[in-house]
Structures are given as C-alpha cells and as structure tokens.
Amino acid sequence: MGKILIRGARVLGGEPQDVLIDGGTIAAVGAGLSDEGAEVVEADGKVLLPGLVDLHTHLREPGREDSETVLTGTRAAASGGFTAVFAMANTFPVADTAGVVEQVYRLGQEHGYCDVQPIGAVTVGLEGKKLAELGAMHESAAGVTVFSDDGKCVDDAVIMRRALEYVKAFGGVVAQHAQEPRLTEGAQMNEGVVSAELGLGGWPAVAEESVIARDVLLAEHVGSRVHICHLSTAGSVEIIRWAKSRGIDVTAEVTPHHLLLTDELVRTYNPVYKVNPPLRTERDVLALREALADGTIDIVATDHAPHPHEDKDCEWAAAAMGMVGLETALSVVQETMVDTGLLDWATVADRMSFAPARIGRATGHGRPVSAGEPANLTLVDTAYRGSVDPAGFASRSRNTPYEGRELPGRVTHTWLRGKATLVDGKLA
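Residues numbered from 1 in each chain as written. Predicted model: local features only at pLDDT ≥ 70, side-chain atom pairs only at ≥ 80, totals over all residues. Heavy atoms only, no water.

So, about the domain arrangement of the protein. Many structure descriptions define interface size as the accessible area lost when the parts assemble. When cut into domains, the protein gives domain 1 (3-47 + 373-427) and domain 2 (51-360). For domain 1 and domain 2, the distance between their C-alpha centres works out to 26 Å. Ranking the residues of domain 1 by area buried against domain 2 places R396, N399 and Y402 at the top, with a combined share of 21%. Seen at the junction of domain 1 and domain 2, the total is two salt bridges. For the pair domain 1 and domain 2, the number of links is 19 residue pairs in polar contact (both at pLDDT 80 or more). Listing elements by their share of the side of domain 1 that touches domain 2, those giving two or more residues are strand 16 (377-387), strand 17 (406-416) and strand 18 (419-423). (Domains from an automatic or database assignment. Buried area = accessible area lost by both parts, 1.4 Å probe. Salt bridge = Lys/Arg side-chain N within 4 Å of Asp/Glu carboxyl O. Polar contact = N/O pair within 3.5 Å; in protein donor to acceptor, adjacent residues only side chain to side chain. Helix = DSSP H or I, 4+ residues; strand = E, 2+ residues; numbered from the N terminus.)

Now for the packing of helix 6 (residues 205-222) against helix 7 (residues 234-245). Viewed as axis vectors pointing N to C, helix 6 and helix 7 meet at an angle of 10°, and their least axial separation amounts to 9 Å. If you check the angle between helix 6 and helix 7, you find them roughly parallel. Where helix 6 abuts helix 7, its residues E208, E209, I212, A213, V216 and L217 lie against G235, S236, I239, I240, W242 and A243. A class-by-class count of the residues in the contact of helix 6 with helix 7 yields eight nonpolar, two polar and two charged. (Axes fitted to C-alpha atoms, helices over the stretch in contact; angles between N-to-C directions. Parallel < 35°, antiparallel > 145°, perpendicular 65-115°, else oblique. Contact = heavy atoms within 4.5 Å. Nonpolar A, V, L, I, M, F, W, Y, C, P; charged D, E, K, R; others polar.)

The sites that UniProt annotates as "domain: Dihydroorotase catalytic" (unreviewed entry) are residues 45-233. Span residues 45-233 is 35% helix and 17% strand, its end C-alpha atoms 37 Å apart. (UniProt positions renumbered as here; feature names shortened; annotations may be inferred.)

If you want it as structure tokens, here you go:
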C-alpha cells in the first residue's frame, strides 16, 4: 500500500484541506501537502468523513445466502461508505455460540470490504427461554460485545435482567428489539387512522414503548448498559429522554427509513413498505428527527434487512418484513437531517461513526480524521442528486423503498485502513 493524497476535501464539512494516507494510517492533514510519490484523489470540495459504522446489519450468512452473504453485504456496506458493520444474530443456525460468531467474523476478514463484528444472540435459538453462551462468545476470536435477539423481543423480564447482569461483567451491551409480542399478534402496520381505513391489523406504539420503559428501569436497577434498536415512535423518544435525565446508561438508534417514510405509503399495499417496527406517522417522524438532532437518539443504524424477490413480491400479509439500507443510508440522512438544517456534517460523523463505534467498542473505527489515526474514511459528493436504481446495488437483494426516488449525495470513495474499497463510485 503506497501513499494516497486526498486533495481539497472538506473534512467533516469544514474548509478544504489535504489528507495524506501512508499505508493504513493518516499521515498528515493540512493545506498544500506534497503529493510526491502519492496517488492523488481530487476531492474538489467533497465532504470527507470517518468511515461509517453500522450497529445493525443483517448479513444473513449462514443459512440465508439467497438473501445476502457476508461478501455481498460488505460490498454493499463499502458502497454506502461503511468501514465496519455489526452483524445481527438471526441467522441459520443462530449466532448463539462461539463457533458461529467466529465463522461470521472470519468471513468478514477474508473478504476485506469492511470489518464485520458479529452480534451474539441473547437467548439460545432466539427462543427467549435460556441465556446463550454470552461469555464464550465474548471470549472467542470475534470478541463479541453486543448481544441481541433482534427480530424478536427478549420479552421475559427475568431473562432480560440476567442478560444485563451478565454482560456488565465485561462491559457488554444488550440491544433490545422492543416489541411486546402479545400486543402485536397479527399486526401488519402501524395502528392508527390508516390501519383502520385499510382494515389491516394495527401495531400500537405502546407495544414498543412499554418494553423500552421496562428495560431502562432494569438497566438502572442492574447498573448495566442497554441499547434500544430502531426507535420508531414519539412516545419512545420521551421515554429515552426521561431515562437519560435520570442518568440511566441507555443508548438508542433510529433507521433512515423511519426518518423519512410514513404509514401513508402503506395505502399502496406495496410490500416494500412492510417493515418491523412499522412505518409510523408524520408526527413520529418529526419527533425522531428532533431527537436525533438533540442527541436523545444517539445513532443512525440501517437495519439493513435483505430479502429475495419471492419473499417481498407477494401479497401484503404474506410478505417478509424489512428493507435494504446500507447503500442509501447516508443519502437519506442528508435529505432528512442535513439539507433541512437539523444536523451539520460534523454531527453526522458523530451519529454514524463516532457514537456507534463507541457503543459497540469497534476498535480503530469512529476515530478523528487526524494524523496518526487509522485511515478508515469515506468521501461524499454532497452536491450530487439522482434517482435510486436498485439494479446497481452491490447487495444481493433489491427490496428498497426508494426505487426511482431522487435522493441527494453519493459516496465516491471508501478506504479501509488505507486500502480503497470504493473508487469513483465503483467497488475496488
């Protein structure tokens, strides 16, 4: 790996500077750096960010390679500007043992498009009955620090308490999918005016909010860390805000699609809009944006959930829940948060790199763009605007809600420890 000079980049949206990469490290940042012996990338005022970190990705391997693989998922991540992703445990077999998490970890290392940090299951088989091998997964080569039964809620309060107590010993965190199962039996979409008019089973906000309220109190009681996945309601925001005011060690994430899309789209009956938790109301969307801006919500996480064509191109009731999101996440954040004036690029770097790396203990990621730091970087053409064409996705799946929609911003380059994984918008 030789030298690379990124010339004229707006680091975190600031004034144009040069950034020199030497090997896997940032060697210098400043104006007028020498390009002798270096490959030059003309940034022309594009925004340079630390490599993005996604705390919530479904890579599907092992077991559902028809949806995604570690290779295709990490290629999609690099295309979206991510240098590290945390892979959820709901695979087949479930990532509830040291052997499975090590398999996923090593696949990520082999492919080299981004770092893959496996998330371990909280309970055996995601069944919610017995704690999985949390300690063994942490002590494995994968060094698991985040545990989640995402896709299912850890609804048993005793099991949740025990998990929080267990991970506290090594500084881990339990990431909860907040969905009270009895309140969402047969639910198809957000419970509200639209569900009533369409005659679809409603998914009430309280099904999310009641679990969050319970779990922040359990975290306070135990003195442990809890992370709340994919916040989707205004009421959930208020509970997190209250918990943080009490000093409870809770963090929370919002997905790009919950920052932009509403349940009005379900009127089309297009299963691409079927997701868990469901799309909510405009009031909820605005509350989520405000909470991300003021720091109540700590991070943006994609909940990249790929599905094969046959699982989404069917009637609404039979369709799988989920959307792909790695390749469009930054564009949606620019549309909803930056172009609206709610966030600047420095704060985007916090919400999509610094904070998720800190929560997940992603070593070497979420670091400042400064000399001596690992060269995990992404270059963004913020002036670009174009329509989304899933045919060009690196992901194996195409279930995006943005097909044909015009969005701003395009990642042109991604570097993982100084190695280019994306060059001029094309995978290296």
